[in-house]
Protein chains: 2
Amino acid sequence: MKRIGVGLLGLGTVGTGVFKALKNNQDVILKRTELLFEIKGILVRNPSKKRNLEGVQSYITTDYQDVLESDVQVMIEVIGGLEPARTYIEQAFEAGCHVVTANKELIAKHGLELAKKAQKNGVQLLYEASVGGGIPILGTMQHFLKGSRLHRITGILNGTTNYILTRMTEEKASFGEVLADAQHQGYAEADPTSDVEGLDAAYKLSILSRLAFETHVPVDQISRTGIQDITPDELAICHQLGYAVKLLAKGEQFGEKGPVSLQVGPALLPLSHPLAKVNGVYNAIHLEGDLVQDVTLMGQGAGEQPTASAVIEDLCNVFRLPYLKNTCSDSTSGLSVTDEGGSRFVYVKTKKPVSRNLKEIQQSLSRNGYTVERLSTDPETGRNLGLIVRHWDSAYECSLPEDLDGDMVVNRPVSGGQFADDMDVHEPQVILETL
Amino acid sequence: MKRIGVGLLGLGTVGTGVFKALKNNQDVILKRTELLFEIKGILVRNPSKKRNLEGVQSYITTDYQDVLESDVQVMIEVIGGLEPARTYIEQAFEAGCHVVTANKELIAKHGLELAKKAQKNGVQLLYEASVGGGIPILGTMQHFLKGSRLHRITGILNGTTNYILTRMTEEKASFGEVLADAQHQGYAEADPTSDVEGLDAAYKLSILSRLAFETHVPVDQISRTGIQDITPDELAICHQLGYAVKLLAKGEQFGEKGPVSLQVGPALLPLSHPLAKVNGVYNAIHLEGDLVQDVTLMGQGAGEQPTASAVIEDLCNVFRLPYLKNTCSDSTSGLSVTDEGGSRFVYVKTKKPVSRNLKEIQQSLSRNGYTVERLSTDPETGRNLGLIVRHWDSAYECSLPEDLDGDMVVNRPVSGGQFADDMDVHEPQVILETL
């Protein structure tokens, strides 16, 4: 048995989870790893805040030096944000401390420099909890996919937006209504901007991309679209046509050491895709590579216990698994971040029945690069509802010919890698139903 | 860089995949692990068999001693079956060789003794490829879930039966038809007994259960039901009612160090369950525990490349990850293998319309322990089709009261852990539709 002194920086949701887990699950951790973790100090901002945690008071301090100087071999940083987290972590390295963190923003923005500083000081920096809550995605990529060249990542990485989209689909409720209720229930932050606009997912995608493609793409170079303009009508139509709408984080590398494209935004997924059924607060990551073919990991993307689980695993693995060499180049020189091609799905509700002059409309659309896949028909009345149209280039700014009087109810890229390939969405055929 | 001599026992599908992977992916493996694997010898039964593998001929031998004596540090066993695989592995241990194997039958039946022999000889025995093809499920359980007490495993562990059930559902084809075609296409063995009757899945469940519950349950104590009597009618009705039918491997532990129940058999899964959409040759494992809550891993459960991926990862990790201590007791003394309770779903097609005397039928059924959940109605004609009936005890042998003249079209347990709980299937309410 080896005793390990632990410092805990922050006692919010994750910090509380870690404190409880080190108490309640100490026996299994000790039995399986022969490591006994002992908390030496907990840094908080407000020491007089009422906390419903037995025995916590004796560890609490507001002075980081107290924690740093209390025989600590590993520091757990769960404060979040750039500062003071970054300075604390650097000071921990200088004091010869390993660091385990859940800080996605810091790791996305300064992970490479921090990893170098850790290496220079002969200590480790682990950050499993920064992506996907309890899902051991980083560990899997680092230790169980060493033989595969990964070329595509597709992830649902933000629980808040996934929860909102799930409820909007199920309840046919508007974005504003569901967001307000989610905030009320604690599933969304008071300021939901980072989640809703895809910034949180972009942090996580940047981290995943570093491991998968060994390429660092700064967060501000990731193309981002939020979910705020999605309507329940759009979700219902997509579902009826065999697609789920998800806020997807997508990364693709074009050839070994080739350029990397990273995007976050709402996209259509065929319902046969493993991620299409990932609902509510669940996160999932689908990886595609040359040897393993594809692997999906799924689990709870946030919350006290799942996130604490990831921290605890890192805590053990600092002392169990081999130190990881950074194989990611720290510049993007020579790499261009290109837009992903692919199919865009447009659903148009026409004001006049299209059946009368379909051929003309079709010709007009195809001059704009569209393929009319089929007419959508109301199953109850049998009347035409609209046109389903595809465009090869998912980045193409969609606009309809002037002579087509209609509204675009859906106007989104289609994703899904091999699963989309299976469905032939990348090379649509013109299937015109009889009128 | 460290050079490692490798012996390869068997050159079937997996062996071929490993040979190719060590050639085609050597550069990434070397870069990420600083290990250079060099094949020293390949044991085959028939040396004159035509093989479309460049450069393989110079390694081939029919004498195991040739391989054993050719400066090999690790032996890859992909012959399958109990003998001679077991003897070869033991001889490798005695020669100081690590062993990586894909042999589920051998590991399920003799894994504990073999692990002990490996430990005694100071070498490692790894067997990731024995469960779930390319899915790194064993590694995840051993290295990334050390802080969680797992209490339930639900898995789709056999690709052949999953492929058959998927096609039966999609094509409304019979078991016999699909099996014949699957055999023709190479998705099913000439003798499909082990797959179809759930034995293959039981081997894998036994291995998973050892890691999850630290309890060894011999394969012959796992309750097993095959898929051979499933009809396309049954699949269609279940799908219509919100369920997928899957050959599930289920393990549950009742309390820490408590009794363990292991079962393999077709079961209904709510379509909201992460495993319900795992189709075709995909495998998936859903783990539930106290800290991580739940994690699902999904991927291709068989095939040359995915299985070779698992072998390659083990090959690297023999030299990278810490040796694992066996924490599983090698007897089942003190542990009783009990049957899982839960809900059973019975769908009865009545010969006479039930709407006329529903109350009497309901009373008669409830005397047999059934709850009538609702009447199922044909959406097209509006006529009653049958009764949907539940029984709390999934192990209950279902029989209908004599006065109810009907056929049981579905008669299966319902699974799904927390997802089933969400759906209230464990405590069904009587929802009688208006007649």
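Conventions and cut-offs
- Residues numbered from 1 in each chain as written.
- Chains lettered and ligands numbered in written order.
- Predicted model: local features only at pLDDT ≥ 70, side-chain atom pairs only at ≥ 80, totals over all residues.
- Heavy atoms only, no water.
- Helix = DSSP H or I, 4+ residues; strand = E, 2+ residues; numbered from the N terminus.
- Buried < 20%, exposed > 50% of the residue type's maximum accessible area, 1.4 Å probe, protein only.
- Areas by Shrake-Rupley, 256 points an atom, 1.4 Å probe, with all protein chains shown as cover.
- Salt bridge = Lys/Arg side-chain N within 4 Å of Asp/Glu carboxyl O.
- UniProt positions renumbered as here; feature names shortened; annotations may be inferred.
- Axes fitted to C-alpha atoms, helices over the stretch in contact; angles between N-to-C directions.
- Parallel < 35°, antiparallel > 145°, perpendicular 65-115°, else oblique.
- Left-handed = near helix turned anticlockwise from the far one by under 90°.
- Contact = heavy atoms within 4.5 Å.
- Nonpolar A, V, L, I, M, F, W, Y, C, P; charged D, E, K, R; others polar.
- Core = buried A, V, L, I, M, F, W, Y, C linked by side-chain atoms within 4.5 Å.
- Pairing = 2+ DSSP bridges.
- Domains from an automatic or database assignment.
- Buried area = accessible area lost by both parts, 1.4 Å probe.

1. What about the overall build of chain A?
When you go through chain A residue by residue, the secondary structure sums to 14 helices and 16 strands. A total of 435 residues make up chain A; the buried ones form 57% of that total. For chain A, the accessible surface area stands at approximately 17700 Å², while carbon and sulfur atoms represent 46% of it.

2. A few points about the pattern of salt bridges
Side-chain pairing between opposite charges can occur once the charged atoms of the two side chains come close. This structure, assessed with the given rule, holds 40 salt bridges over all chains. The residue D181 of chain A makes a salt bridge to R167 of chain A at a minimum N-O spacing of 2.7 Å. Remark: R167 of chain A occurs in helix α7 (residues 159-171) and D181 of chain A occurs in helix α8 (residues 175-185); sequence separation between them is 14 residues. Judged by its relative accessible area of 14%, R167 of chain A falls in the buried class. The partner of R412 of chain B in a salt bridge is D229 of chain B, and the shortest N-O contact between them spans 3.4 Å. Taken together, the residues span a long stretch of sequence, with R412 of chain B in strand β16 (residues 406-413) and D229 of chain B in the loop between β8 (223-224) and α11 (232-240) at a distance of 183 residues.

3. A few points about the UniProt feature "domain: Homoserine dehydrogenase catalytic" (unreviewed entry) in chain A
Within this structure's numbering, the places UniProt gives as "domain: Homoserine dehydrogenase catalytic" (unreviewed entry) are residues 136-315 of chain A. A helix fraction of 39% and a strand fraction of 26% characterise residues 136-315 of chain A, whose end C-alpha atoms lie 13 Å from each other.

4. Points about the packing of helix α7 (residues 159-171) of chain B against helix α8 (residues 175-185) of chain B
Describing two packed helices takes the angle between their axes plus the distance from one axis to the other. Residues and elements named next belong to chain B. The N-to-C vectors of α7 and α8 enclose an angle of 125°; their axes lie 9 Å apart at closest approach. Judged by the inter-axis angle, α7 sits oblique to α8. Classified by chirality, the crossing of α8 by α7 is right-handed. Contact residues: Y163, I164, R167 and M168 in α7; F175, V178, L179, D181, A182 and Q185 in α8. Residues that form the contact of α7 with α8 fall into these classes: 7 nonpolar, 1 polar and 2 charged.

5. Brief notes about the nonpolar core
The biggest cluster of nonpolar side chains holds 154 residues, and the ones touching the most others in it are M75 and I137 of chain A together with M75 and I137 of chain B. Among residues more than four places away in sequence, those in contact with M75 of chain A are G7, L9, Y64, V67, L68, A92, C97, H98, V99 and V100 of chain A.

6. Remarks on the sheet that holds strand β3 (residues 60-61) of chain B
Residues and elements named next belong to chain B. With parallel pairing, the 6 strands of this open sheet are ordered in space as β3-β2-β1-β4-β5-β6. Both outer strands of the open sheet, β3 and β6 (125-126), are each paired with one neighbouring strand and no more. Bridge count for strand β5 (residues 98-101) against β6 is 2 bridges, and the pairing is parallel. Considered in β6, the bridge of V99 is made with L125.

7. Digging into the domain arrangement of chain A
Residue and element names in this part refer to chain A. When cut into domains, chain A gives domain 1 (2-126), domain 2 (137-300) and domain 3 (344-413). With centres defined by C-alpha atoms, the gap from domain 1 to domain 2 works out at 28 Å. Across the interface of domain 1 and domain 2, roughly 690 Å² is buried in total on both sides, 70% from carbon and sulfur atoms. Of all residues in domain 1, the largest losses of buried area upon contact with domain 2 belong to K104, A108 and L112, amounting jointly to 67% of the total for that side. Where domain 1 packs against domain 2, one counts 1 salt bridge. With a closest N to O distance of 2.8 Å, K104 and D200 form a salt bridge.

8. Notes on the interface of chain B and chain A
Where interface size is given, it is often the accessible area lost as the parts come together that is meant. With 53 residues of chain B at the interface, the matching set in chain A holds 53 residues. Of the roughly 5000 Å² buried where chain B meets chain A, counting both sides, 51% is carbon and sulfur surface. Linking chain B with chain A are 8 salt bridges, by the criterion used here. We note a salt bridge from K31 of chain B to E214 of chain A, for which the minimum N-O separation is 2.6 Å. Going through the elements one at a time, α1 (13-24), α2 (26-33), α6 (137-143), β12 (294-300), α12 (304-318) and α14 (417-422) of chain B are the ones with two or more residues in the side of chain B that touches chain A. Of the residues contributing to the side of chain B that touches chain A, the split by class is 21 nonpolar, 18 polar and 14 charged. Judged from the 5 bridges that link them, strand β12 (residues 294-300) of chain A and β12 of chain B form a sheet pairing that is antiparallel. Bridge assignment links G299 of chain A to a residue of β12 of chain B, and that residue is V295 of chain B.

9. Focus on the pairing of strand β11 (residues 282-289) of chain A
In regular strands, side chains alternate between the two faces of the sheet. All names here are of chain A. Buried residues dominate β11, accounting for 8 of its 8 residues. Side-chain alternation along β11 places Y282, A284, H286 and E288 on one buried face and N283, I285, L287 and G289 on a second face that is also buried. Judged from the 6 bridges that link them, strand β7 (residues 150-156) and β11 form a sheet pairing that is antiparallel. The partner of L150 across the bridge, within β11, is G289.

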